[in-house]
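# Structural features, examined
Here are the chains, one letter per residue:
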Amino acid sequence: MKNTNFPDIKKPVSILNAAVFVAALGYFVDIYDLLLFGIVRTDSLKDLGITGDAIRNQGEYLISMQMFGMLSGGILWGILGDKKGRISVLFGSILIYSVANIANGMVTTVDGYAFWRLIAGIGLAGELGAGITLVTESLPKEKRGYGTMIVASVGVSGAVAAYFVYQIFQDWRLCYYAGGVLGILLLFLRISISESGMFKKVQESEEKKGDFLSLFTNKQRFTKYIQCILIGIPLWFLVGVLITFSPEFAKALGVQGFETIAAGKAIAWCYGGLVFGDIASGLLSQWLKSRKKVMYSFLIFNLVMIFVYLNAFGITASSFYTLCFMMGFSVGYWVLFVTIAAEQFGTNIRATVTTTVPNFVRGSLPLIILIYGFFRDTVFDGNILQSAMIVGSILSVISILALWKLKETFHTDLNYSEQESPAFL
């Protein structure tokens, strides 16, 4: 694989530039919408006439539809990000998920709910990748870790905001409307940021841009791409299964007062921990001047917390929520995960990679749920604790092995473009 270097581009010194500010707010609204369904899942489905075990089954169906939307949207927005620009994708995705949010507040059937979660997923797929790509290309290499840390930590706090908005309104439909309005207001900030200088340079070159298939035509590039995806899988298993279905796990663990455990509150506690985890991992990465060392530490801590969570029999409800907070902290490597993906590839396919990688991780949730369901229903005869333990362990081991093969990228200069290889070699 050959790389084409471009002339140096003057980068702004300030960490708190307009790109970081808008990307952080965009990701805030993104996470608000993404996690809002988990918070209002039970009440919204009951309002639509769903009861009993069907709430869990229909909840899994709706989450899967949202994730399928993110999977397909990730490819679409990623390609557009390298062909048309990071800013156009950033605001295009915000517009779509804002409209879908408002539409979600108007649904009257589960199928209608599923359709608009699909559309919301497509919109949600573009914001993070475009924002992180823009930020990493707008800051010098010694400071870009701080920029992505700010984006991630501000962004994930959107889940906490979603919980408190629901506590205030006590109406799931109004919560969706609020998310839609926030997104539309954010569109007015478009005039305050300019396109990445690196993107402008690569646009003037003859390089092929946004070629998604090029990720599969070169063995080294393909392997690196898959590894970037695999290191993020444990995070979404934790959020999409262990936390989203926390009431079911609390019941299986015999948590004192498990009837009072609410998925929305568990998500808020988890993402509160994730905010601090993102800050800690970002600062540690800058201090140690290494992405991989910090990633290893968090992946191992995450596995430990999964074991603690699934063996916390008979604890109090407050202790259970504290565990949710610590679980969230343990997956605070999300900021590093996305930054590593951005730093592994050249400018001409960077947006494609940075957008598709986190969405493939999110989009893997339906498959994770299927695997988890197989162990739960076939192997362990309905035992959700043993099933989650096995799945969590497998995913953690895979992610650690994938990280081991990735190169350290802290000092990588991003001002280059990747040449296409003629064959899968």
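First, a word on scope: everything that follows refers to the structure included in this document. Counting starts from 1 at the beginning of each chain's written sequence and moves along it residue by residue. For a predicted model such as this one, the threshold for reporting local features is a pLDDT of at least 70, and the threshold for listing and counting side-chain atom pairs is 80 or more; totals across whole chains, interfaces and linings nevertheless cover every residue. As a rule here, side-chain values come from all non-hydrogen atoms in the structure, and water together with hydrogens is ignored.

## Here's the deal with the layout of surface pockets
If a probe as big as a water molecule is rolled over the atoms, it shows which places are left empty. Each cavity reported here is a set of points on a 1 Å grid over the protein atoms alone in which a 1.4 Å probe fits but cannot get out, each pocket an open set with protein on both sides within 12 Å along at least five of seven lines, and each lining residue one with an atom within 4 Å of a point. Grid points are joined across faces, edges and corners, and a volume is the space filled by probe spheres set on the points. Put simply, the largest pocket is a space of about 760 Å³. Taken together, 33 residues make up the lining of the largest pocket; nearest its centre are Arg41, Thr42, Pro247, Glu248 and Ile261. Only DSSP runs of H or I covering at least 4 residues are called helices, and only runs of E covering at least 2 are called strands; the numbering of each starts at the N terminus. Where the lining of the largest pocket is concerned, the elements lending two or more residues are helix 1 (18-47), helix 2 (54-83), helix 5 (144-169), helix 10 (246-253), helix 11 (263-288) and helix 16 (365-379). The element contributing the most residues to the lining of the largest pocket is helix 1, with seven residues.

## What about empty space enclosed by the protein?
With the rule as written, the count across this model stands at three cavities of 30 Å³ or more. Its volume calculated, the largest cavity comes out at about 100 Å³. What lines the largest cavity is a set of 13 residues, and nearest its centre among them are Leu34, Leu35, Ile63, Met67 and Thr244. When residues of the lining of the largest cavity are traced back to their parent elements, those giving at least two are helix 1, helix 2 and helix 9 (233-243).

## A look at the packing of helix 1 against helix 2
Axes here refer to lines fitted to C-alpha atoms; in helices the fit is confined to the stretch in contact. Angles between the N-to-C directions go from 0 to 180 degrees. Two elements in contact, helix 1 and helix 2, have axes whose closest approach is 10 Å; the angle formed by their N-to-C orientations is 150°. The handedness of the crossing between helix 1 and helix 2 comes out as right-handed. Across the interface between the two elements, Leu34, Phe37, Arg41, Thr42, Leu45 and Lys46 of helix 1 pack against Ile55, Arg56, Gln58, Gly59, Leu62, Ile63, Gln66, Met67 and Met70 of helix 2. Residue polarity is assigned by list, with Asp, Glu, Lys and Arg as charged and Ala, Val, Leu, Ile, Met, Phe, Trp, Tyr, Cys and Pro as nonpolar; anything else, Gly included, falls into the polar class. Taken together, the residues of the contact of helix 1 with helix 2 sort by class into eight nonpolar, four polar and three charged. Helix crossings are classified by the rotation of the near helix relative to the far one: an anticlockwise turn of less than a right angle makes the crossing left-handed, while a clockwise turn makes it right-handed. The contact rule is simple, with two residues in contact once any of their heavy atoms fall within 4.5 Å.

## Comments concerning the environment of Gly254
Counting through the fold element by element, Gly254 comes out in the loop between helix 10 and helix 11. Gly254 sits 92 residues away from Gly346 along the chain, and the two C-alpha atoms are 51 Å apart.

## Describing the nonpolar core
Core analysis: the biggest nonpolar cluster contains 130 residues, and Tyr113, Leu242, Phe249 and Tyr271 have the highest contact counts within it. Top element by residues in this core is helix 1. It accounts for 16 residues. In this view, Leu242 contacts Phe237, Phe249, Ile306, Tyr309, Leu310, Met327 and Ala388; residues no more than four positions away in its chain are not counted. By convention a nonpolar core is built from buried Ala, Val, Leu, Ile, Met, Phe, Trp, Tyr and Cys residues, the set being connected through side-chain atoms within 4.5 Å. Relative accessibility decides the category of a residue: with a 1.4 Å probe and only protein chains considered, values under 20% of the type maximum give buried, values over 50% give exposed, and everything between is partly exposed.

## What about the packing of aromatic side chains?
Pairing of aromatic rings covers Phe, Tyr and Trp, the last counted by its six-membered ring, and requires centre-to-centre distances within 6.5 Å; plane angles under 30 degrees mean stacked, over 60 mean edge-to-face, and any other angle means tilted. The tally for this structure, following the rule as stated, stands at 24 aromatic pairs. In this structure an aromatic cluster arises from ring pairing among Phe212, Phe216, Phe222, Tyr225, Phe345 and Phe360. Between the NZ or CZ atom of Arg362 and the centre of the ring of Trp236, over which it lies, the distance is 5.9 Å. Two limits define a charge over a ring: the Lys NZ or Arg CZ must be within 6 Å of the ring centre, and within 35 degrees of the ring normal. When the ring centre of Trp404 is taken as origin, the NZ or CZ atom of Lys405, which lies over that ring, is 4.3 Å away.

## Focus on unusual backbone geometry
The backbone of Gln170 shows a phi angle near 55°, a positive value even though the residue is not glycine. On the basis of relative accessibility, which here comes to 51%, the residue Gln170 falls in the exposed class. Its identity is not glycine, yet Asp381 carries a phi of approximately 50°, on the positive side. With respect to the element layout, Asp381 can be found in the loop between helix 16 and helix 17 (384-405).

## Looking at helix 12 (residues 292-309)
To estimate how far a helix should extend, the number of its residues minus one is multiplied by 1.5 Å. Between its terminal C-alpha atoms helix 12 stretches 25 Å, which fits the 26 Å expected from 18 residues at 1.5 Å a residue. Where the residues of helix 12 are buried, they touch helix 9, helix 10, helix 11, helix 13 (317-330), helix 14 (334-343) and helix 17.

## Remarks on the side chain of Arg376
With respect to the element layout, Arg376 can be found in helix 16. Polar contact is defined as a pair of N or O atoms within 3.5 Å, subject to the rule that within protein one atom must be able to donate a hydrogen and the other to accept it, and that residues adjacent in sequence are counted only when both atoms are side-chain atoms. In terms of polar contacts, Arg376 uses its side chain to reach the side chain of Asp377, at 2.9 Å.

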